[in-house]
Amino acid sequence: QVQLVESGGGLVQPGGSLRLSCAASGNNLIVNTMRWYRLAPGKERELVAGITRGGSTNFADSVKERFTISRDIAKNTVYLQMNSLKPEDTAVYYCNADVYIAGSRYDSWGQGTQVTVSS
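Here the structure is a predicted model, which is why all the values come from computation and not from measurement.

(A) Structural view of the nonpolar core. Of all hydrophobic cores here, the largest spans 30 residues; its most connected members are Trp36, Val48, Phe67, Val78, Leu80, Met82 and Tyr93. Where this core is concerned, the elements lending two or more residues are β3 (18-25), β4 (29-39), β5 (46-51), β7 (67-72), β8 (77-82), β9 (91-101) and β11 (113-117). Counting residues per element, this core draws most heavily on β9, which supplies 6 residues. Other than its neighbours up to four places away in sequence, Phe67 contacts Arg38, Val48, Phe59, Leu80, Gln81, Met82, Asn83, Leu85, Asp89 and Tyr93.

Written out as structure tokens, the structure reads:
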């Protein structure tokens, strides 16, 4: 019923930038808070950033001042702009969204997109 599709991952050198996108699709859905998580080998899943429908944002301390999150309400899409990337940002990035359809809440996840920061 709900599908989240991510794009924009890849290989980038340290100091470089990438922009991730995540689009939610489905019939008659209302998308509330959208978030980006990441999972690196040997580490626990980390909440990277989140944005509410009203535009309030939050960030992990490790990415503040380097990452920004934004969204297009009309397109049900969230973006993660990642600047000044470091090798420790290497991970699979997952999009997550609180989606409502006919009053029912769905905790929805994307398939993940790999971000590799390496020279």
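Now, onward.
(B) Quick look at the environment of Gln114. Tracing the backbone through its elements, the reader meets Gln114 in strand β11. With relative accessibility at 39%, the residue Gln114 sits in the partly exposed group. Sequence-wise, Gln114 and Glu88 are 26 residues apart; in three dimensions their C-alpha atoms are separated by 13 Å. Residues in contact with Gln114, not counting those within four places in the same chain, are Gly9, Gly10, Thr90, Ala91 and Val92. A polar contact is formed between the side chain of Gln114 and the side chain of Thr116, at a distance of 3.3 Å.

(C) The state of the cysteines, seen in detail. Under the criterion given, the structure shown has 1 disulfide. Residue pairing for Cys22: its cysteine sulfur links by disulfide to Cys95, the two sulfurs lying 2.1 Å apart. Judged by the sign of its S-S torsion, about -80 degrees, the cystine formed by Cys22 and Cys95 is left-handed. Of this pair, Cys22 sits in strand β3 while Cys95 sits in strand β9, and the two are 73 residues apart along the sequence. Judged by its relative accessible area of 0%, Cys22 falls in the buried class.

What counts and how
Residues numbered from 1 in each chain as written. Predicted model: local features only at pLDDT ≥ 70, side-chain atom pairs only at ≥ 80, totals over all residues. Heavy atoms only, no water. Core = buried A, V, L, I, M, F, W, Y, C linked by side-chain atoms within 4.5 Å. Buried < 20%, exposed > 50% of the residue type's maximum accessible area, 1.4 Å probe, protein only. Helix = DSSP H or I, 4+ residues; strand = E, 2+ residues; numbered from the N terminus. Contact = heavy atoms within 4.5 Å. Polar contact = N/O pair within 3.5 Å; in protein donor to acceptor, adjacent residues only side chain to side chain. Disulfide = S-S within 2.5 Å.

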